[in-house]
Amino acid sequence: MAKACVIGWPVEHSRSPLIHRYWLAQYGIDGAYDKEAVRPEDFAAFVGALAEHGYIGANVTLPHKEAALHLARTADEAAIAIGAANTLWLDADGHLHASNTDAYGFMTNLDAEAPQWNEGLGAAMVLGAGGAARAVLYGLIKATEAKIFLANRTRARAEALAHLFRPRVEVVDWEARNAALGTCGLLINTTSLGMTGQAPLDIDLTALPQDAVVADIVYNPLLTPLLVAAAKRGNPTVDGLGMLLHQAVPGFERWFGVRPEVTPALRAHVVASLSPEAA
Ligand SMILES: NC(=O)c1ccc[n+]([C@@H]2O[C@H](COP(=O)([O-])OP(=O)(O)OC[C@H]3O[C@@H](n4cnc5c(N)ncnc54)[C@H](OP(=O)(O)O)[C@@H]3O)[C@@H](O)[C@H]2O)c1
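Procedures and definitions
Residues numbered from 1 in each chain as written. Predicted model: local features only at pLDDT ≥ 70, side-chain atom pairs only at ≥ 80, totals over all residues. Heavy atoms only, no water. Near = heavy atom within 4 Å. Polar contact = N/O pair within 3.5 Å; in protein donor to acceptor, adjacent residues only side chain to side chain. Areas by Shrake-Rupley, 256 points an atom, 1.4 Å probe, with all protein chains shown as cover. Helix = DSSP H or I, 4+ residues; strand = E, 2+ residues; numbered from the N terminus. Pairing = 2+ DSSP bridges. Contact = heavy atoms within 4.5 Å. Axes fitted to C-alpha atoms, helices over the stretch in contact; angles between N-to-C directions. Salt bridge = Lys/Arg side-chain N within 4 Å of Asp/Glu carboxyl O. Buried < 20%, exposed > 50% of the residue type's maximum accessible area, 1.4 Å probe, protein only. Parallel < 35°, antiparallel > 145°, perpendicular 65-115°, else oblique. Left-handed = near helix turned anticlockwise from the far one by under 90°. Nonpolar A, V, L, I, M, F, W, Y, C, P; charged D, E, K, R; others polar. Phe/Tyr/Trp six-rings, centres within 6.5 Å; stacked < 30°, edge-to-face > 60°. Lys NZ or Arg CZ within 6 Å of the ring centre and 35° of its normal.

Participant: Before we move on, can you summarise the site of the ligand with the specific residues and values?
Facilitator: Of all residues adjacent to the ligand, which total 21 residues, the nearest are A132, N152, R153, T154 and R157. The separation between an oxygen atom of the ligand and a polar main-chain atom of G131 is 3.2 Å. In this structure, L244 approaches the ligand through a main-chain N or O atom, which is 3.4 Å from an oxygen atom. Compared with its free state, where it exposes 930 Å², the ligand has 77% of that area covered by protein. Contributing elements (two or more residues each) for the shell around the ligand: helix 6 (131-143) and helix 9 (241-247).

Participant: Go over the sheet that holds strand 7 (residues 123-127), please, and point to the residues and values.
Facilitator: Read from one edge to the other, the open sheet built from 6 strands follows the order 9-8-7-10-11-12, with strand pairing classed as parallel. Two strands bound the open sheet, and with one partner strand each, they are strand 9 (169-172) and strand 12 (237-238). Judged from the 5 bridges that link them, strand 7 and strand 8 (residues 147-151) form a sheet pairing that is parallel. Paired with L127 across the two strands is A151, which belongs to strand 8. Against the sheet, helix 7 (residues 155-164) contacts strand 8 and strand 9, and its axis sits at roughly 170° relative to strand 9.

Participant: Describe the pattern of salt bridges, and please don't skip the residues or the numbers.
Facilitator: Two side chains with opposite charge may pair up if their charged atoms get near one another. Here the structure, examined in full by the defined rule, presents 10 salt bridges. Note that E253 is salt-bridged to R259, the shortest N-O span being 2.5 Å. The exposure class of E253 is partly exposed, given its relative accessible area of 31%. It is possible to trace a salt-bridge network through shared partners that takes in R155, E159 and D173.

Participant: With reference to specific residues and values, describe the sheet that holds strand 4 (residues 74-75).
Facilitator: Strand order across the open sheet formed by 6 strands is 2-1-3-5-6-4, with mixed pairing between neighbours. With one partner strand each, in any of the chains shown, strand 2 (31-37) and strand 4 form the two edges of the open sheet. In terms of strand pairing, strand 4 meets strand 6 (residues 96-99) through 2 bridges, oriented parallel. Residue pairing across strands places T74 opposite H97, the latter belonging to strand 6. Each of strand 1 (2-8), strand 2 and strand 3 (57-60) is contacted by helix 1 (residues 16-26), which is oriented at about 170° to strand 2, the strand it contacts most.

Participant: Residue-level account of the packing of helix 1 against helix 11 (residues 264-271), with values.
Facilitator: Helix 11 packs onto helix 1 with a crossing angle of 140° between their chain directions and a minimal axis gap of 10 Å. One way to sum up the angle between helix 1 and helix 11 is to call them oblique. Of the two possible hands of crossing, helix 1 and helix 11 adopt the one that is right-handed. On the side of helix 1, the interface is formed by L18, I19, Y22 and W23, while helix 11 contributes A265, L266, H269 and V270. Counted by class, the contact of helix 1 with helix 11 contains 7 nonpolar, 1 polar and no charged residues.

Participant: Can you explain the environment of M125? Please cite residues and give values.
Facilitator: Tracing the sequence through the fold places M125 in strand 7. Judged by relative accessible area, M125 falls into the buried class, the value being 0%. In this structure, the C-alpha to C-alpha distance between M125 and I148, residues 23 residues apart in sequence, is 6.0 Å. Setting aside residues no more than four positions away along its own chain, M125 makes contact with F149, L150, A151, V172, R177, A180, L181, C184, L186, L187 and I188.

Participant: Account for the packing of aromatic side chains, with residues named and values stated.
Facilitator: Per the counting criterion, the structure on display carries 6 aromatic pairs. Plain terms: the ring middles of W23 and F252 are 5.3 Å apart, the flat faces sit at 70° to each other, and that makes the pair edge-to-face. Highlighted residues: W23 in helix 1 and F252 in helix 10 (residues 249-256), separated in sequence by 229 residues. Since its relative accessible area comes to 0%, W23 is described here as buried. Given a relative accessible area of 0%, F252 falls into the buried group. Ring geometry for F252 against F256: centres 4.8 Å apart, planes inclined by 50°, an arrangement best described as tilted. Within this pair, F252 and its partner F256 are both found in helix 10, separated by 4 residues, close to a single helical turn. Each member of the pair F252 and F256 is classed as buried. Aromatic ring contacts, followed pair by pair, group W23, Y27, Y33, F252, W255 and F256 into a single cluster. The positively charged end of R177 is found above the aromatic ring belonging to W174, 4.2 Å away from the centroid. Positioned above the aromatic ring of W89 is the side chain of R254, whose terminal nitrogen or guanidinium carbon lies 3.7 Å from the ring centre.

Without other data, these values stay purely geometric and don't point to any function.
This is the structure we're talking about:
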């Protein structure tokens, strides 16, 4: 029986088992998908003994994504550019390989939910400069010629990302983020603000064109305060759950040999585990 897992610390919150077990059942595959809570100091040893633990591969979540990249014998272009891996697999010789499917997940979902997003796009605004922002920037830069603004509370982190992706990304002061929305046809929140238990994202959408697509990668709650505010003024919105579902596709195919589909039924299955809307 083929077995994969998600490795994190903590890992209890991970929705990956919900997704992969759904597909295993749907496609009638004799496989399993577990959760493994592994401390940072134990991660290298755990991954080094992945086969002994009975696994052919794994998803990797916080705080192990950078370590996963460094432990792999090979990594794909996305993982190298993003500086982190979220998908691991062993080959027939027992060698470990790594990929990062977050950019693929974000862009595939954006294309599916707002196919017009790149039509005549002049500029996009990305908020946040953490690990997720790096994946989103990597995906965006490959997909559009538009100018990309990046604003982050800690400007130095935005500068570091802009340097990595130079000359495509222009840093905007966090305080100037509202005014800079005037030319943007796409706004993406990659900060953790708006998540259950966190403050809402502090943003004034007044300057944002009404046809601009607003995407949030936070998926719990599904409708973040940003998405609620954007929908209220008529902007098309894209929630963060689609990214999570689509990023799981390449790993499942790699481990279990079937390219799975992201369907409304899968989405409903995962939505049932989320808070419906921001309090
Ligand atoms: N949908 C998906 O599949 C998916 C995938 C990955 C991540 N995510 C979500 O994306 C979010 C970010 O993840 P990450 O890994 O990039 O986290 P991270 O590396 O910790 O980055 C967090 C970001 O949020 C900003 N931030 C935090 N508190 C803030 C505040 N009070 N005011 C302004 N900015 C604040 C940080 O700014 P500073 O630099 O100033 O601290 C930083 O830019 C999380 O909610 C995560 O669950 C979703």
